[in-house]
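Listed here are the chains, written in short residue letters.
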Amino acid sequence: MSTPTAPFWQTVPLDQMSSEQWESLCDGCGRCCLNKLRDEDTDEVVYTNVACRLLDTHTCRCTDYADRHRKIPDCVTLTPELLAEIDWLPPSCSYRLLRDGFDLPDWHPLRTGNEKGVHSSRASVQDRCISERRAGPLEDHLEDWPGEWPDRSPLCHALKRKG
């Protein structure tokens, strides 16, 4: 009888993942593509429901992922090194969860084989955001939900770490 093999995200450190593994961690929620503001006095991140102009607000996918940096010069390419410094990723972000010692949520596409769960759990921005092309001033679109755990999703379990 064979022992089931743990999925790669439970065994491979983030900084040792292949490009394919790293990219597959993205659940396609689109929350990182929402504009954020930083309070000058407190340094607190304030979330908006205003999406990058390249984000399809229904599918939650970038409409030009391969060429996004040419069109959006300040688009962030998440790397293991940068992940250690970023403080604005949503609490349900797979990269943040794994960085902080938690497992992927049950609705993650790597677990379900499809993208339906990320939307039904309300982890995604699907139909809850507006394109920056139409939004106007960001200050008119402040929201709490992008920085909160999805309201239809159970919390994640901590991964057992060898110590």
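Keep in mind that what you see is a predicted model, and the values were worked out from it rather than measured.

(A) Region of interest: the overall build of the protein chain. What the protein chain contains, in helices and strands, is eight helices and three strands. Counted from the first residue to the last, the protein chain has its helices and strands arranged as α-α-β-β-α-α-α-α-α-β-α. Computed over the C-alpha atoms, the radius of gyration of the protein chain is 16 Å, within 12% of the 15 Å expected from 2.2 N^0.38 for a compact globule of 163 residues. Each of the three principal axes of the protein chain carries a C-alpha extent, and together these read 60 × 35 × 35 Å. A total of 163 residues make up the protein chain; the buried ones form 39% of that total. In the protein chain, once contacts between residues fewer than 6 apart in sequence are set aside, the share between residues at least 24 apart is 63%. When the accessible surface of the protein chain is totalled, it reaches about 10000 Å², and 49% of it is carbon and sulfur. Taking the average location of the 20 positive side-chain charges in the protein chain and that of its 28 negative ones, the two points are 6 Å from each other.

(B) Broad picture of the pairing of strand E1 (residues 34-38). As defined by bridge partners, E1 adjoins strand E2 (residues 45-51) across four bridges and the pair is classed as antiparallel. Opposite Lys36, over in E2, you have Tyr47 as the bridge partner. Between E1 and E2, which pair antiparallel one after the other, the connecting turn spans six residues, and Asp43 there sits at a positive phi close to 70°.

(C) Representation of the side chain of His119. With respect to the element layout, His119 can be found in helix H7 (residues 116-120). When residues no more than four places from it in sequence are discounted, the contact partners of His119 are His58, Thr59, Cys60, Ser124 and Gln126.

(D) Focus on the nonpolar core. Residues Trp22 and Leu25 are the most contacted members of the largest nonpolar core, which totals 18 residues. Elements supplying a minimum of two residues to this core: helix H1 (8-11), E2 and helix H5 (94-99). Not counting chain neighbours up to four residues away, the residues in contact with Leu25 comprise Phe8, Trp9, Leu14, Met17, Ser94, Tyr95, Leu98, His108 and Leu110. Judged by nonpolar contacts, the second largest core, of seven residues, contains Ala51, Leu55, Val125 and Cys129.

(E) Quick peek at the packing of aromatic side chains. Tallying each qualifying case throughout the model produces two aromatic pairs. Between Phe8 and Trp9 the ring centres are 5.5 Å apart and the planes differ by 85°, which places this aromatic pair in the edge-to-face class. Both residues of the pair, Phe8 and Trp9, count as buried. Note on Trp22 and Tyr95: the rings are 4.6 Å apart at their centroids and 45° apart in plane angle, and the pair reads as tilted. Remark: Tyr95 occurs in helix H5 and Trp22 occurs in helix H2 (residues 19-24); sequence separation between them is 73 residues. The burial state of Trp22 is the same as that of Tyr95; both residues are buried. Its guanidinium or amino end placed over the ring of Tyr65, Arg68 lies 3.9 Å from that ring's centre, counting from NZ or CZ. In this structure, Arg128 is placed above the aromatic ring of Trp145, and the distance from its NZ or CZ to the ring centre is 3.8 Å.

(F) Broad picture of the pattern of salt bridges. Under the criterion given, the structure shown has nine salt bridges. Measuring nitrogen to oxygen at the nearest pair gives 3.9 Å for the salt bridge that ties Arg96 to Asp100. Looking at Asp100, the relative accessible area reads 40%, which means it is partly exposed. Between Asp103 and Arg111 there is a salt bridge; the shortest N-O distance is 2.7 Å. The class of Asp103 is buried, set by a relative accessible area of 11%. The class of Arg111 is partly exposed, set by a relative accessible area of 36%. Look at the salt bridges and you will find they share partners, linking Arg38, Asp43 and Asp87 into a network.

(G) Broad picture of the sheet that holds strand E3 (residues 130-131). Spatially, the three strands line up as an open sheet ordered E1-E2-E3, and their pairing is mixed. Both outer strands of the open sheet, E1 and E3, are each paired with one neighbouring strand and no more. Pairing analysis gives two bridges linking E2 to E3, with the strands arranged parallel. Bridge pairing links Ala51 to Ser131 in E3.

Conventions and cut-offs
- Residues numbered from 1 in each chain as written.
- Predicted model: local features only at pLDDT ≥ 70, side-chain atom pairs only at ≥ 80, totals over all residues.
- Heavy atoms only, no water.
- Helix = DSSP H or I, 4+ residues; strand = E, 2+ residues; numbered from the N terminus.
- Rg over C-alpha atoms; globule rule 2.2 N^0.38 Å.
- Buried < 20%, exposed > 50% of the residue type's maximum accessible area, 1.4 Å probe, protein only.
- Contact = heavy atoms within 4.5 Å.
- Areas by Shrake-Rupley, 256 points an atom, 1.4 Å probe, with all protein chains shown as cover.
- Lys, Arg positive; Asp, Glu negative; His and termini not counted.
- Charge placed at Lys NZ, Arg CZ, Asp CG, Glu CD.
- Pairing = 2+ DSSP bridges.
- Core = buried A, V, L, I, M, F, W, Y, C linked by side-chain atoms within 4.5 Å.
- Phe/Tyr/Trp six-rings, centres within 6.5 Å; stacked < 30°, edge-to-face > 60°.
- Lys NZ or Arg CZ within 6 Å of the ring centre and 35° of its normal.
- Salt bridge = Lys/Arg side-chain N within 4 Å of Asp/Glu carboxyl O.

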